[in-house]
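Close look at the chain arrangement
Chain by chain, the residues:
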Amino acid sequence: MFKDTAAFIRKIYKQEEGFIALHEPRFLGKEKEFLNECIDSTFVSSVGQFVGMFEQQMRDYTGANYAVAVTNGTLGLHIALKLAGVKQNDLVITQPLTFIATCNAIAYLNADPLFVDVDKDTLGLSAEKLGHFLSSETTVNADGQCIHTSSGKRIAACVPMHTFGHPCKIETIASLCKTYNIPLIEDAAESIGSTYKDQQTGTFGIMGVYSFNGNKTITCGGGGIIVTNDESLGKMAKHLTTQAKIPHPWNFEHDYIGYNYRLPNINAALAVAQMEQLDGFIANKRELALQYKEFFANSPWQFFIEPKDACSNYWLNAIFLNDRNERDEFLAFTNSNGIMTRPAWTLMTKLRMFEKCICADISNAQWIEDRLVNIPSSARIK
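This write-up is about the structure you can find in this document.

The rules behind each value
Residues numbered from 1 in each chain as written. Predicted model: local features only at pLDDT ≥ 70, side-chain atom pairs only at ≥ 80, totals over all residues. Heavy atoms only, no water. Pairing = 2+ DSSP bridges. Helix = DSSP H or I, 4+ residues; strand = E, 2+ residues; numbered from the N terminus. Contact = heavy atoms within 4.5 Å. Axes fitted to C-alpha atoms, helices over the stretch in contact; angles between N-to-C directions. Patch = residues over 30% accessible without salt bridge, like charges linked within 9 Å, V, L, I, M, F, W, Y side chains within 5 Å. Areas by Shrake-Rupley, 256 points an atom, 1.4 Å probe, with all protein chains shown as cover. Salt bridge = Lys/Arg side-chain N within 4 Å of Asp/Glu carboxyl O. Lys, Arg positive; Asp, Glu negative; His and termini not counted. Charge placed at Lys NZ, Arg CZ, Asp CG, Glu CD. Buried < 20%, exposed > 50% of the residue type's maximum accessible area, 1.4 Å probe, protein only. Core = buried A, V, L, I, M, F, W, Y, C linked by side-chain atoms within 4.5 Å. Phe/Tyr/Trp six-rings, centres within 6.5 Å; stacked < 30°, edge-to-face > 60°. Lys NZ or Arg CZ within 6 Å of the ring centre and 35° of its normal. Parallel < 35°, antiparallel > 145°, perpendicular 65-115°, else oblique. Left-handed = near helix turned anticlockwise from the far one by under 90°. Nonpolar A, V, L, I, M, F, W, Y, C, P; charged D, E, K, R; others polar.

Our next topic: the sheet that holds strand 12 (residues 302–303). Within the open sheet, the 4 strands sit side by side as 12-14-16-15. Their pairing is antiparallel. Of all strands in the sheet, those bounded by a partner on one side alone are strand 12 and strand 15 (342–343). With 2 bridges connecting them, strand 15 and strand 16 (residues 372–375) associate as antiparallel partners. Paired with Pro-343 across the strands is Val-373, a residue of strand 16. Packed onto the sheet, helix 12 (residues 363–371) meets strand 14 (317–320) and strand 16 and runs at close to 50° relative to strand 16.

Below is the structure:
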């Protein structure tokens, strides 16, 4: 099956030999034109027309009232958590199966992740297990704060992640967070263009954060966007990420400790061109996923399909092998034969920095880590 799978991947990418990346960017539109325009303008840093254009595109695309462009998704999460009121010694609910940026952003505020399991059918935070945890392990005090009963610590936010672009059961999660007065921030780094019940991921909570790293569905080299419908959050996110400078024709006055997180115009120029192609890339990737689904239907392995009520961008396609040994053998075979594949991330609970954090049962996340492999998922050039 290893050889058959490798041969199929080479066939669909029309590449009989050489290296096939896991996910590489496609620059098929006006990227060079806009980059040249940006360079000619001399506004290549945090001031320039393309930053505003990119933010407007994201407002139009997601339906959010505010969009703030930042240098990367991790820093977007940092600002979102700070604006949500996360402070030192607080707890932030998230999932153990995620990219480390989710937990790093929590740690930047000297708070701790609190790990709740994922679902096998979404790969994201489990609404059912979250509900069970909140009902059995927390209380809401007289001030309306959700308190983790055994530690006495405040649960200051919840950050589910839409894993590999597949929406989690975000509507139910949002309802639970509302019931327990927990601010919801979506880590939508991987899910630009994915929807749950026809609503864009990233728009269910008080804020959502996207990433435009070089390996994402669309890219501007780095880059991230914070979206929100809350006017005060939107304005403060922009203020803090531009060094908290008070607007003035010449004076340098600042009213908060700010951050140099504003996206450079030269990156935004690339983003504007990529946004124009986003729907086409997603259609291309969904077609690729359908071919994978049909191929793996006749194999001993399971191809992961989008969850119920969701329309996924299929950022990274994934298969489940039978056990960890077979997973490792497949990874070794494909990578040694020029086809880039990757396992799921090491669970956050196993990393030295987070191994002592509060953790509920995470048996689903462990099952996934033992079996999941991501396979090449780049949009194909036709």
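Once that is clear, we can look at a negative patch on the surface. On the surface, a cluster of negative charge is made up of Glu-33, Glu-37, Asp-40 and Glu-276. As for its placement among the helices and strands, Glu-37 is situated in helix 2 (residues 31–41). Its relative accessible area of 35% is what places Glu-37 among the partly exposed residues.

Turning our attention to the nonpolar core. Ranked by size, the top nonpolar core spans 29 residues in total, and within it Phe-50, Phe-54, Met-58, Tyr-210, Phe-212 and Ile-225 carry the most contacts. Mapped by element, the contributors of at least two residues to this core are helix 2, helix 3 (49–62), strand 1 (66–70), strand 11 (224–228), helix 9 (265–275) and helix 10 (278–296). In terms of residues, this core owes the most to one element, helix 9, which gives 7 residues. If sequence neighbours within four positions are ignored, Ile-225 has contacts with Phe-54, Glu-55, Met-58, Ala-67, Val-68, Ala-69, Val-70, Gly-208, Val-209, Tyr-210 and Phe-212. By size, the runner-up hydrophobic cluster in this structure holds 28 residues, among which are Val-70, Ile-226, Ala-237 and Leu-240.

Scanning the model with the defined rule gives 19 aromatic pairs in all. With a centroid separation of 6.0 Å and 35° between ring planes, the pair formed by Tyr-292 and Phe-303 is classed as tilted. Note that Tyr-292 is positioned in helix 10 and Phe-303 in strand 12, a separation of 11 residues in sequence. Taken as a pair, Tyr-292 and Phe-303 share a single burial class, namely buried. In textbook terms, an aromatic cluster arises when at least three aromatic residues are bridged by ring pairs, as seen for Phe-2, Phe-8, Tyr-292, Phe-295, Phe-296, Trp-301, Phe-303, Tyr-314, Phe-330 and Phe-333. The cationic tip of Lys-120 hangs over the ring face of Trp-367; the distance from NZ or CZ to the ring centre is 4.3 Å. Sitting over the ring of Phe-252, Lys-245 keeps its end group 5.4 Å from the ring centre.

Judged by pairing direction, the sheet is parallel, and its 3 strands sit side by side in the order 3-2-6 without closing on themselves. In this open sheet, the two edge strands, each paired with only one partner strand, are strand 3 (112–115) and strand 6 (155–159). Strand after strand, the sheet turns through a mean of 30° between neighbouring axes, direction not considered. The pairing of strand 2 (residues 91–94) with strand 6 spans 4 bridges and is classified as parallel. Directly across from Leu-91, in strand 6, lies its bridge partner Ile-155.

Now for the pairing of strand 1. With 4 of 5 residues buried, strand 1 lies mostly within the body of the structure. Bridge count between strand 1 and strand 11: 5 bridges; the pairing is antiparallel. What sits directly across from Val-70, in strand 11, is Gly-224.

The N-to-C vectors of helix 1 (residues 2–12) and helix 10 enclose an angle of 150°; their axes lie 12 Å apart at closest approach. Of the possible angle classes, the one that applies to helix 1 and helix 10 is roughly antiparallel. Helix-helix and strand crossings are classified by hand; for helix 1 and helix 10 the assignment is right-handed. Here Asp-4, Thr-5, Phe-8, Ile-9 and Ile-12 of helix 1 lie close against helix 10, whose contacting residues are Leu-288, Gln-291, Tyr-292, Phe-295 and Phe-296. Looking at the contact of helix 1 with helix 10 residue by residue, the classes come out as 7 nonpolar, 2 polar and 1 charged.

The set of residues buried in helix 5 (residues 100–108) consists of Ala-101, Thr-102, Cys-103, Ala-105 and Ile-106. On its buried face, helix 5 is in contact with helix 4 (73–83), strand 2, strand 3, strand 6 and strand 7 (185–187). Asn-110 lies just past helix 5 and shows a positive phi near 60°.

An α-helical segment advances 3.6 residues per turn. Residues three or four places apart therefore align on the same side. Buried within helix 1 are the following residues: Phe-2, Thr-5, Ala-6, Phe-8, Ile-9, Arg-10 and Ile-12. Looking at the packing, one finds that the buried side of helix 1 touches helix 10, helix 11 (324–336) and strand 16. Just downstream of helix 1 lies Lys-14, where phi reads positive at about 50°.

Moving on, we come to the pattern of salt bridges. One pass over the structure, following the stated rule, counts 16 salt bridges. Here Asp-117 and Lys-129 are joined by a salt bridge, their closest N and O atoms 2.6 Å apart. Remark: Lys-129 occurs in helix 6 (residues 127–137) and Asp-117 occurs in the loop between strand 3 and helix 6; sequence separation between them is 12 residues. Take Lys-129: its relative accessible area is 23%, and that puts it in the partly exposed class. The partner of Asp-328 in a salt bridge is Arg-327, with the nearest N and O atoms 2.7 Å apart. Using a relative accessible area of 7% as the deciding quantity, one classes Arg-327 as buried. Through salt bridges with shared partners, a single ionic network connects Arg-324, Lys-350, Glu-369 and Asp-370.

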